[in-house]
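# Coordinate analysis (summary)
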Amino acid sequence: MKPLVIIGDSMLDVDVDGTANRLSPEAPVPVVEPDRIWHRPGGAGLAAVLAARGYPDVVLITAVGDDPAGHALTRLLADDHPGIRVIGVPLRGATVSKIRVRAGGHSVVRVDHGDGYAADGALPDDVAAVLHDAAAVCVADYGHGLAAHGPLRAILGAVQAPVVWDPHPRGSRPTPGCPIIAPNHSEARQLSGPQVSGGQLAATLRAEWEATAVSVTLGAHGAMFADRQRSAHHIHPPESTGAAHHDTCGAGDRFSVAAATALIEGADELEAATEAVAAASRFVAAGGATGVSSVLSIDGGTGLTGSAGAVSGMKSVQALAERVRRGGGSVVATGGCFDLLHTGHVRLLRRARDLGDALIVLINSDESVQAIKGPGRPVVTAEDRARVLAALGCVDGVAIFSETSPTAALEKLRPDIWVKGGDYDGQDLPEADVVRRHGGEVVLLATVPGYSSSKLISAVR
């Protein structure tokens, strides 16, 4: 299968969610006490993460700096999204980072820092080959230079695959002939000038950019679409999403990726934009970019650090296990579907944590839960199951595995103690041999009678 290629400026996004019950004595501003801090790839990095959720071969061409924010961004992509192939372009200056502070679900302030700009020099050797072999290309232009990169633009101009371009007022002019260019309404107003009326924004920009189609996204109101046959076609979002009341961060990236995927599947520009509006609406209604974020904690009030209880990839929990062992501690692990967390789960996890110095939970992916439990399961997606588990104080790390058995994950993790609940007798566990072969022991803990995810789901239904 040919790759879906994402080109553009990546950044580190940090969300601080907390409460504000008092004003600062220094100034009439709210004091936010953080409850949870999230971080994720932003910009083109977020577009790549969203693409990888539904497309099997994703390549990200981006520029990341050699600085703390750049290192954090690189780790996020490598550990949490190993399926994305990253091709790096040199960056001048510091990696851009955006910190959003919210209290009670409402934005308080956003702090941007970093002056990074893609260096206009030689490209890695494989960029041209990847672009010429692409099934489609998404350009996520955030005004930090990669879309203006001279050699890269020359290659883009010769690409035969469909290109979806997400422009920026400070960015570069899209290359002529793009099937879909997708600014949001505010960007379209800045790019077209104040004299253009709202209904003519898409048509004006389509002619200016020599594009096949332009889709001006309107948030909860859908999009205004124009191509050679239509000058102002309103694409309405699905009525059932309720997206107007949610955080829209990342919606533009979701739109672009969905449009590119639809074009790969043979849709025309209007069909692709219509599918993209629906996909972006569902994305926002489901929680937006928070759904692809990892958890951080506050490090003694001095800064951000990876937390106990972070949702991690296998590499991260392996690194956690190694740190614990180097300090003379023991690593406890357990696993399962954890489709709906209940009292029995929490009791098992707390007792498991008491057996050692760190508890790592391995959970089945959505596909493996379905293979084990059948159609209709899981009720809760793997990312959300992991996030709920990570919020427990007794859990030090969470990772998702795709097989029906955790055997392959345990080969890598090699816990000192593997905990299972229920009526297993130790010999019935297919993973028991792996644990013991690496010097670990299997501990069986009794479950709380009367509690199971299946019973809860059945009762609700």
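In this numbering scheme, every chain counts its residues from 1 along its sequence in written order. Reporting of local features is limited, given that this is a predicted model, to residues whose pLDDT is at least 70; pairs of side-chain atoms are given and counted only at 80 or more, and all residues count toward the totals for whole chains, interfaces and linings. The side-chain values count all of the structure's non-hydrogen atoms but skip hydrogen atoms and water molecules.

### Details of the packing of helix 5 (residues 185-192) against helix 6 (residues 201-209)
The description of two helices packed together rests on the angle between their axes and the distance between the axes. The cut-off we apply is this: Every angle, taken between N-to-C directions, lies between 0 and 180 degrees, and every axis is a line fitted to C-alpha atoms, over only the stretch in contact when it is a helix. Only runs of H or I of at least four residues qualify as helices and only runs of E of at least two qualify as strands under DSSP, and these elements are numbered from the N terminus. Roughly parallel here means an angle under 35 degrees, roughly antiparallel means over 145, roughly perpendicular means 65 to 115, and every remaining angle is called oblique. In this scheme the handedness of a crossing depends on how the near helix is turned from the far one: anticlockwise by less than a right angle means left-handed, clockwise means right-handed. Throughout, a contact is declared for two residues whenever any of their heavy atoms are within 4.5 Å.
As a packed pair, helix 5 and helix 6 sit with axes 10 Å apart at the nearest point and diverge in direction by 55°. In terms of their interaxial angle, helix 5 and helix 6 are classed as oblique. For the pair helix 5 and helix 6, the sense of crossing is left-handed. Listed contacts from helix 6 to His185, Ala188, Arg189, Leu191 and Ser192 of helix 5 are Leu201, Leu205 and Trp209.

### Overview of the environment of Gly288
Which entries qualify depends on this criterion: Relative accessibility under 20% of the residue-type maximum defines a buried residue, over 50% an exposed one, and the middle range a partly exposed one, all with a 1.4 Å probe and only protein chains included.
The topology assignment puts Gly288 in the loop between helix 8 (269-285) and strand 16 (294-298). For Gly288, a relative accessible area of 4% translates into the label buried. Each C-alpha atom, one on Gly288 and one on Arg254, is 9.1 Å from the other, the two residues being 34 residues apart in sequence.

### Considerations on the pattern of salt bridges
Put simply, the rule reads: What makes a salt bridge here is a side-chain nitrogen of Lys or Arg within 4 Å of a carboxyl oxygen of Asp or Glu, nothing more.
Considering all chains together, one arrives at 17 salt bridges under this definition. Among the ionic pairs, Arg40 bridges to Asp13, the shortest N-O distance being 3.9 Å. With Arg40 in strand 3 (residues 33-43) and Asp13 in strand 2 (residues 10-19), this residue pair connects regions lying 27 residues apart in the sequence. A salt bridge links Asp112 to Arg110; the nearest nitrogen and oxygen atoms lie 2.6 Å apart. Salt bridges sharing partners connect three or more residues here, namely Asp13, Asp15, Asp17, Arg40, Arg100 and Arg102.

### Focus on the side chain of His144
As for its position among the elements, His144 is in the loop between strand 10 (136-140) and helix 4 (150-157). On the accessibility criterion, His144 (16% relative accessible area) is buried. The contacts of His144, once residues within four sequence positions are left out, are Asp9, Val96, Gly116, Tyr117 and Ala118.

### Let's talk about the packing of helix 1 (residues 44-52) against helix 7 (residues 251-264)
Applied cut-off: In the scheme used here, Gly and all other residues not listed as nonpolar or charged are polar, with Ala, Val, Leu, Ile, Met, Phe, Trp, Tyr, Cys and Pro taken as nonpolar and Asp, Glu, Lys and Arg as charged.
One can describe the packing of helix 1 onto helix 7 by two numbers: an axis separation of 9 Å at closest approach and a directional angle of 50°. Between helix 1 and helix 7, the interaxial angle falls into the category oblique. Considering how the two elements wind past one another, helix 1 and helix 7 form a crossing that is right-handed. Here helix 1 contributes Leu46, Ala47, Leu50 and Ala51 to the contact with helix 7, which in turn contributes Asp253, Arg254 and Val257. Grouping the amino acids of the contact of helix 1 with helix 7 by side-chain chemistry returns 5 nonpolar, no polar and 2 charged.

### Examining a nonpolar patch on the surface
Where we set the bar: Patches in this entry comprise residues that are over 30% relatively accessible and not in a salt bridge; like charges within 9 Å are linked, as are nonpolar side chains (Val, Leu, Ile, Met, Phe, Trp, Tyr) within 5 Å. The accessible surface values rely on the Shrake-Rupley method and a 1.4 Å probe; as for residues, cover is taken only from the protein chains in view.
On the surface, a cluster of nonpolar side chains totalling about 210 Å² of accessible area is made up of Val108, Val109 and Val111. Mapped onto the elements, Val111 comes out in strand 8 (residues 106-113).

### A few points about helix 8
Counted only if it meets this: Here, expected helix span is obtained from the residue count minus one, scaled by 1.5 Å. Distance and chemistry together define a polar contact, namely a pair of N or O atoms within 3.5 Å, with one atom able to donate a hydrogen and the other to accept it when in protein, and with adjacent residues in sequence counting only for side-chain atoms on both sides.
Between the first and last C-alpha of helix 8 there are 24 Å, a value that for 17 residues agrees with the 24 Å anticipated at 1.5 Å per step. Regarding helix 8, the residues found buried are Leu270, Ala272, Ala273, Ala276, Val277, Ala278, Ala279, Ala280, Ser281, Phe283 and Val284. On its buried side, helix 8 packs onto helix 1, strand 12 (180-181), strand 13 (214-217), strand 14 (223-226), strand 15 (233-235) and helix 7. The residue sitting at the N-terminus of helix 8 and contributing the capping side-chain oxygen is Asp268; that oxygen lies 3.2 Å from the backbone nitrogen of Leu270.

### Brief notes about helix 1
For helix 1, the buried fraction is high: 8 of the 9 residues fall into the buried class. Burial in helix 1 covers these residues: Ala44, Gly45, Leu46, Ala47, Ala48, Val49, Leu50 and Ala51.

### Here we look at the pairing of strand 13
Threshold: Any two strands between which DSSP finds at least two bridges are classified as paired.
Here strand 13 shows a buried face lined by Val214 and Val216 and a second buried face lined by Ser215 and Thr217. In terms of strand pairing, strand 13 meets strand 14 through 4 bridges, oriented antiparallel. When the sheet's bridge partners are listed, Thr217 is paired in strand 14 with Ala223. Between strand 13 and strand 14, which follow one another and run antiparallel, lie 5 residues, and Gly219 among them has a positive phi close to 65°.

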